[in-house]
Amino acid sequence: MDAKKTSSKAEAGPHHPAQDAYKVTALVLQGGGALGAYQAGVYQAMAEAGLHPNWIAGISIGALNAAIIAGNAPEHRVERLTEFWEGICKSALWPSSPGNPWIEGMNMPPIVREGVNMFAAWRAIMEGQSGFFQPRVPPPVMQWHTSPTTTSWYDTAPLRATLERLADFDRINHPSCVRVSVGAVNVRTGNFAYFDNRVGKLRPEHFMASGALPPGFPAVEIDGEYYWDGGMVSNTPLYKVLSERPHRDSLIFQVDLWSAVGALPRDMGGVTERAKDIQYSSRTRLVTEYMHQTREQQRFLHELMELIPEDKRDTPAYKRAERYANGALTNLIHLIYRNKPYEGHYKDYEFSAATMHEHWQSGLADMRHTLSHPHWLEPPSAENPFVTHDVHRG
């Protein structure tokens, strides 16, 4: 069924009662390339449980997953995510090739699997991925006339066609749709920007800009400005969700694709992999810790202001404090992808179907495990207004 034929009526589907205690149920999706299949597995488990977000914020591959989710009716989202990931995990040169289905379920030694994965990553570099990106011909170093939209190793025109086929942008921009925010960075100014369907209409290029990581992918032009991958500045859109005013009680599912914890590297490939993990996970932890401290301070100020008599509140000082005070409660559920021993520094561009299915199943299992702790979804207390839960840490 074509996504364009879906209705733009209000979202429907099974409803999880835990959502009734919150004004916002947000799904926050980080960048991480091929690792993004983990996010699709997390969403499948959420859909099974009737957890339907009313706000989806994404960066890079998280923005592409956000487009597929928001651009379809709830009953078709997992189906469309499956179609998206099954499609882009095929070779651009040989899209009809079945790949290596025999790998799945095999208990091969990690060193052998590492070699298989390395070959798949090499194929992605040389051939591109069907419906996603293809090598630019001629390459940028051999072009006489270039522009910001052609100065890259790969052409992402196939991605536009994929998004237009699998996501209904009339639905995304309909007032009844879930809120969607995707982050990118302005190439000219270096400033971070969020594109939001509550502020303006979102088009395929907004999502493509969020995932335009240079020098592999070209900058994307939007209204006369050019944008690159938002992960260059911040790999998590959590700040966008938590800094929104007015503040509201929120249940947030943050799906991270880079693990802060990892083994000491033993070779140069391991150094590159570990550096990537730290680089992208550290930003997420920094934003989370900052917002945690900020929310506690805002709640403390809110409680202090409650002690001021009504007849003393009509003052400039009180009104200034009122802008900073925040009595909202935040429950942050962390889902963090965990590295596998046979993955290397190329794991974010290793798009083999076997690995994609493993990522998906990991997300599905982690979210199901998380939901086996139903008390984690309960609202925090006023004394502890910002709580986090992580199934791996817990």
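Here, the structure is the one placed above.
The text that follows walks through the structure, step by step, so that each part is easy to find. Treat the numbers as computed from the prediction; the structure is a model and nothing was measured.

Some remarks on the overall build of the protein chain
Link 1 in the chain: Along the backbone of the protein chain there are eleven helices and eleven strands.
Link 2 in the chain: The C-alpha atoms of the protein chain give 22 Å as radius of gyration, which agrees with the globular expectation for 394 residues (21 Å, within 12%).
Link 3 in the chain: Seen along its three principal axes, the alpha-carbon backbone of the protein chain occupies a region of about 75 × 50 × 45 Å.
Link 4 in the chain: Considering only contacts within the protein chain whose residues lie at least 6 apart along the sequence, 77% involve residues at least 24 apart.
Link 5 in the chain: Entry remark: accessible area of the protein chain is about 18200 Å², with carbon and sulfur atoms responsible for 58%.

Quick look at the nonpolar core
Link 1 in the chain: Ranked by internal contacts, the top residues of the largest apolar core, which has 71 residues, are L27, W85, L163, F207 and F253.
Link 2 in the chain: Ignoring anything within four residues of it in the chain, the contact list for L163 reads L64, A67, I68, F169, P204, F207 and M208.
Link 3 in the chain: Ranked by size, the runner-up nonpolar core spans 13 residues in total, among them A57, L238, V241 and V287.

Section: the packing of aromatic side chains
Link 1 in the chain: Within the structure shown, the criterion is met by 14 aromatic pairs.
Link 2 in the chain: Ring geometry for Y38 versus Y337: centroids 5.5 Å apart, planes at 75°, classification edge-to-face. Taken together, the residues Y38 in helix α1 (residues 37-48) and Y337 in the loop between β10 (330-336) and α11 (353-371) connect sequence positions 299 residues apart. Comparing Y38 with Y337, the two get one shared label, buried.
Link 3 in the chain: Taking the centre distance of 5.5 Å and the plane angle of 85° together, the rings of F84 and W85 count as edge-to-face.

Remarks on the layout of surface pockets
Link 1 in the chain: By volume, the largest pocket amounts to about 670 Å³.
Link 2 in the chain: Lining the largest pocket are 29 residues, with L213, G216, F217, D348 and Y349 sitting closest to its centre.
Link 3 in the chain: For the lining of the largest pocket, the elements supplying multiple residues, two or more each, are α2 (61-70), α4 (110-127) and α9 (268-306).
Link 4 in the chain: It is α9 that contributes the most residues to the lining of the largest pocket, three residues altogether.
Link 5 in the chain: A per-class count over the lining of the largest pocket returns 17 nonpolar, nine polar and three charged.

Observations regarding the packing of helix α3 (residues 77-88) against helix α5 (residues 157-166)
Link 1 in the chain: At their nearest, the axes of α3 and α5 sit 11 Å apart, and the two run at 160° to each other. In terms of orientation, α3 lies roughly antiparallel with respect to α5. As α3 runs across α5, the sense of the crossing is right-handed. Along its contact with α3, which presents R80, E83 and F84, the element α5 presents L159, T162, R165 and L166.
Link 2 in the chain: By residue class, the composition of the contact of α3 with α5 is three nonpolar, one polar and three charged.

Looking at the pattern of salt bridges
Link 1 in the chain: One pass over the structure, following the stated rule, counts 22 salt bridges.
Link 2 in the chain: For E127, the salt bridge goes to R123, with nearest N and O atoms at 3.1 Å. Highlighted residues: E127 and R123, both in helix α4, separated by four residues, approximately one helical turn.
Link 3 in the chain: For R123, a relative accessible area of 22% corresponds to the partly exposed category.
Link 4 in the chain: Connected through shared salt-bridge partners, R160, E164, R203, E205 and D223 make up one network.

Let's talk about the pairing of strand β11 (residues 386-390)
Link 1 in the chain: Burial runs high along β11: four of the five residues are buried.
Link 2 in the chain: Alignment of β10 against β11, held across five bridges, turns out to be parallel. What sits directly across from H334, in β11, is D390.

Observations concerning the packing of α3 against α11
Link 1 in the chain: Taken N-terminus to C-terminus, the directions of α3 and α11 make an angle of 150°; their axes are 11 Å apart at the nearest point. Relative to α11, the element α3 is oriented roughly antiparallel. Where α3 approaches α11, its residues V78, L81, T82, W85 and E86 are matched on the opposing element by M356, H357 and W360.
Link 2 in the chain: Classifying every residue of the contact of α3 with α11 by side-chain character gives five nonpolar, two polar and one charged.

Side note on unusual backbone geometry
Link 1 in the chain: The omega angle of the peptide bond from P214 to P215 is 0°, so this bond is cis rather than trans.
Link 2 in the chain: One can find P215 in the loop between α7 (204-210) and β7 (220-222).
Link 3 in the chain: Omega for the peptide link from R245 to P246 comes to 0°, which places this bond in the cis form.
Link 4 in the chain: Along the chain, P246 falls in the loop between α8 (238-242) and β9 (250-256).
Link 5 in the chain: Although it is not a glycine, S60 adopts a positive phi angle of roughly 60°.
Link 6 in the chain: Here S60 lies in the loop between β2 (55-59) and α2.
Link 7 in the chain: Judged by relative accessible area, which is 11%, S60 ranks as buried.

So, how was this worked out
Residues numbered from 1 in each chain as written. Predicted model: local features only at pLDDT ≥ 70, side-chain atom pairs only at ≥ 80, totals over all residues. Heavy atoms only, no water. Helix = DSSP H or I, 4+ residues; strand = E, 2+ residues; numbered from the N terminus. Rg over C-alpha atoms; globule rule 2.2 N^0.38 Å. Contact = heavy atoms within 4.5 Å. Areas by Shrake-Rupley, 256 points an atom, 1.4 Å probe, with all protein chains shown as cover. Core = buried A, V, L, I, M, F, W, Y, C linked by side-chain atoms within 4.5 Å. Buried < 20%, exposed > 50% of the residue type's maximum accessible area, 1.4 Å probe, protein only. Phe/Tyr/Trp six-rings, centres within 6.5 Å; stacked < 30°, edge-to-face > 60°. 1 Å grid on protein atoms, 1.4 Å probe; cavity = no way out; pocket = protein on both sides within 12 Å on 5 of 7 lines; lining within 4 Å. Points joined across faces, edges and corners; volume = space filled by probe spheres on them. Nonpolar A, V, L, I, M, F, W, Y, C, P; charged D, E, K, R; others polar. Axes fitted to C-alpha atoms, helices over the stretch in contact; angles between N-to-C directions. Parallel < 35°, antiparallel > 145°, perpendicular 65-115°, else oblique. Left-handed = near helix turned anticlockwise from the far one by under 90°. Salt bridge = Lys/Arg side-chain N within 4 Å of Asp/Glu carboxyl O. Pairing = 2+ DSSP bridges.

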